[in-house]
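Analysis of the macromolecular model
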Amino acid sequence: ILAANRHDPRRLLQILRQAQERAGHLPPALLERIASALALPLARVVATASFYSLLRTGPAPAYDVLFADNITDRMQGGPALAASLCRALGLAPGLPAGDGRVRVGTTSCTGLCDQGPALLVNQRALSRMCPERVAPMAELIRRGVAVDDWPAEWFRIEPNLRRRDALLGAGLAPGEALAAALARSPEGLLAEIEASRLRGRGGAGYPTAAKWRACRAAPGEAHYVVCNADEGEPGTFKDRVLLSDFPQLVIDGMGIAAHAVGARRGFIYLRGEYRHLLAPLEALLAERRRQGLLGTDILGRGFDFDIEIHLGAGAYVCGEESALLESLEGRPGRPRIRPPFPVSRGYRDQPTTVNNVETLALACLVAVHGGEAFRAVGTAQSSGTKLLSVSGDVDRPGIYEYPFGVTVAEVLADCGARATQAVQIAGAAGHCLAAAEFGRRIAFEDVSTGGSFMVFDQGRDLFEVAHAFVDFFAHESCGFCTPCRVGTAVNRRRMDRIAAGRGTADDLDELAAMHCLMRSASHCGLGSTAARALTDIVDKFRPAFSRRLRTDGFVPAFDLDAALEPARQATGHDDPRTHFHPDPDTIPDE
Ligand code: SF4
């Protein structure tokens, strides 16, 4: 493993993943061996191994069954199926069996919201879990059958392509867009990208031409292109489909970016839950090298560019570009302090452009048809099309491509949504739209989204939706800064208390106050947006919360009187005036 990774400490995460795949887990002796072989401090290796949720430093069960805990998986019955599997195996949920052979637990969103309930078994993704599979799965586990020998249809992942437009219907041949880009000078290509007004599709909408120009202009020994395929936003799965069904567009797009910024090397950072895409992508890269579409002297134009794939290991925060670069360099994925921004000091401190999968694919359209043609589609500030990952209470979940400017109502009609109560746009960190807002448009100037479009009908309890989002962020906070680490944990405790019927109106005020604090004081976007959907849901669907509240008055969370009791006993002094008296008129006179 070390040799295959060139003894490169920057490939530490890949080495740890591969070692775990071989050994089952990462015991201390193995971590010591890796540290010494890479001449790294043991503390750095341990810190990296313990940061990622898909790496295991403790003993691993032979069968690690993790049900996706996204809200749509919960709605599709994931928790009940997990409970039935536990019963069939005689297990307590979350705890390994007495002999350590099997554990049934949960993981964050697996990117299969259109075909849930989904789960990972020994990190292999299974879709469409159903009651009929519970008994056969328990039997396979009891008999010790290897996961590779389980029924193949359990692992089938459908693209669920529902609507194609300019990108998915382009029908470009492999290398066609790259050839069109290489026919232009880098400056000519950048001018086309600028004319297209292409903006990043990860959610923030930063102009692609500005990012690439800044990267090209930044001094450095080498420039890099990174494709951010760490698609972890709950409800988003468009990148999974682009990489499975349109990978040539993504790889051509990376070549186009490399030509524009002057890079010779690129990386695809693939989220760990998309492990099933690794082998097909590796095979495609090899094929492109054979075809002269990757490697040296591409298409005979003296352009050198090659791509490596790095597999993540379960950390939502790595979707943030500087955290992703930390992970790419073999460290825990904690966001860097910015500036400097990656375009000037990114991978190995060199100029690096980090782009979303969809943005790179769209660059192919600009290269082939030109910037003006690209800009002719969409709205004034949002050119081109947008891929939406539609899930939840709809007849036809899947991928829908629309020109920017489509209304929420049009999307709902197309996907077969009925009696819709709310639509959560842009995932757990996004906005929750009520019915009165369904005339709004998907566009940067109105409702901006990285792609997630989760639908909830009138039968859904919006409190449960908000609770799932709060659980998600408490789990995914990287713990680096206090507002996010503590804020997400406190929010979860408050929501648990409201769920248990012990919440008060004061809790709702405190949740809103915490959102203000986290928004202004968190180190990265995860913390600053972690309570956005929650406060949106409280504002727009307050009855879902109020009916659970015990009283509208203040109820202390801490019993001061009881806490003083040990001191009274220790001192033998019990003054009635030191007791808590809810009614001031009952306080004894001095
Ligand atoms: Fe980590 Fe949250 Fe702070 Fe971001 S805001 S650095 S995720 S603790």
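Quick notes on the rules
Here the residue numbers are simple positions, counted from 1 along each chain's written sequence. pLDDT decides what is reported in this predicted model: residues at 70 or higher carry local features, side-chain atom pairs at 80 or more are listed and counted, and totals for whole chains, interfaces and linings draw on all residues regardless. Derived side-chain values reflect all non-hydrogen atoms in the structure, with water molecules and hydrogen atoms excluded from consideration. Starting at the N terminus, helices and strands are each numbered in turn, a helix being any DSSP run of H or I of at least four residues and a strand any DSSP run of E of at least two. Computation of the radius of gyration draws on C-alpha atoms, with the globule rule given as 2.2 Å multiplied by the number of residues to the power 0.38. Buried means the residue's accessible area, taken with a 1.4 Å probe over protein chains only, is under 20% of the maximum for its type, while exposed means over 50%, and partly exposed covers the values in between. Two residues qualify as a contact provided that any one of their heavy atoms is within 4.5 Å of a heavy atom in the partner residue. Surface accessibility follows the Shrake-Rupley procedure with a 1.4 Å probe radius. Residue values consider only the protein chains on display as shielding. Throughout, the arc means the angular range of directions from the helix axis out to the C-beta atoms. Here, any two strands with at least 2 DSSP bridges between them count as paired. In this description, a line fitted to the C-alpha atoms serves as the axis of each element, helices being fitted only across the stretch in contact, and the angle between N-to-C directions of two axes falls anywhere from 0 to 180 degrees. How far each domain reaches was decided by an automatic or database domain assignment. A pairing counts as a salt bridge when a side-chain nitrogen of Lys or Arg comes within 4 Å of a carboxyl oxygen of Asp or Glu.

Before going further, it helps to examine the overall build of the protein chain. Along the backbone of the protein chain there are 23 helices and 15 strands. Taken over the C-alpha trace, the protein chain has a radius of gyration of 26 Å; the compact-globule value for 590 residues is 25 Å, and the two agree within 12%. Along the longest, intermediate and shortest principal axes, the C-alpha atoms of the protein chain span 95 × 55 × 50 Å. The burial tally for the protein chain puts 55% of its 590 residues in the buried class. When contacts within the protein chain are restricted to residue pairs at least 6 apart in sequence, long-range pairs at least 24 apart make up 71% of them. Of the accessible surface of the protein chain, which amounts to about 23800 Å², a share of 52% is contributed by carbon and sulfur atoms.

Okay, helix α9 (residues 208–217) next. All of the buried residues along α9 are Thr208, Ala209, Lys211, Trp212 and Cys215. Seen from one end, α9 has its buried residues packed into an arc of 160 degrees, which puts them on one side. The inward-facing, buried residues of α9 contact α8 (186–196), β6 (224–229), α11 (247–261), α13 (321–328), β10 (352–356) and α14 (357–369).

This part is about the sheet that holds β10. Spatially, β8-β9-β7-β6-β10 is the arrangement adopted by the five strands of the open sheet, whose pairing is mixed. Strands at the two margins of the open sheet, each flanked by one partner only, are β8 (295–298) and β10. Taken over all neighbouring pairs, the strand axes of this sheet differ in orientation by 25 degrees on average, direction set aside. Pairing analysis gives two bridges linking β8 to strand β9 (residues 303–311), with the strands arranged antiparallel. Bridged to glycine 295 within β9 is phenylalanine 305. Running at roughly 125 degrees to β9, α11 makes contact with β6, β7 (265–270), β9 and β10 of the sheet. Contacts between helix α12 (residues 278–290) and the sheet are confined to β7 and β9, with β9 contributing the most and set at about 165 degrees to the helix.

A separate point is the domain arrangement of the protein chain. Each assigned domain of the protein chain is listed here: domain 1 (9–51), domain 2 (63–155), domain 3 (161–375), domain 4 (385–460), domain 5 (463–546) and domain 6 (558–590). Relative to domain 5, the C-alpha centre of domain 1 lies at a distance of 35 Å.

A large share of β10 lies buried, amounting to five of its five residues. Here β10 shows two buried faces, one formed by Thr352, Val354 and Asn356 and the other by Thr353 and Asn355. Sheet analysis places β6 next to β10, joined by five bridges and oriented parallel. When the sheet's bridge partners are listed, valine 225 is paired in β10 with threonine 353.

Let us look at the pattern of salt bridges. Counting across every chain of the model gives 48 salt bridges. The residue arginine 547 makes a salt bridge to aspartate 461 at a minimum N-O spacing of 3.8 Å. Separated by 86 residues along the polypeptide, arginine 547 in the loop between α22 (543–546) and α23 (560–571) and aspartate 461 in the loop between β15 (452–457) and α17 (462–476) bring together distant segments of the chain. In this structure, the salt-bridge partner of arginine 548 is aspartate 461, at a minimum N-O distance of 2.9 Å.

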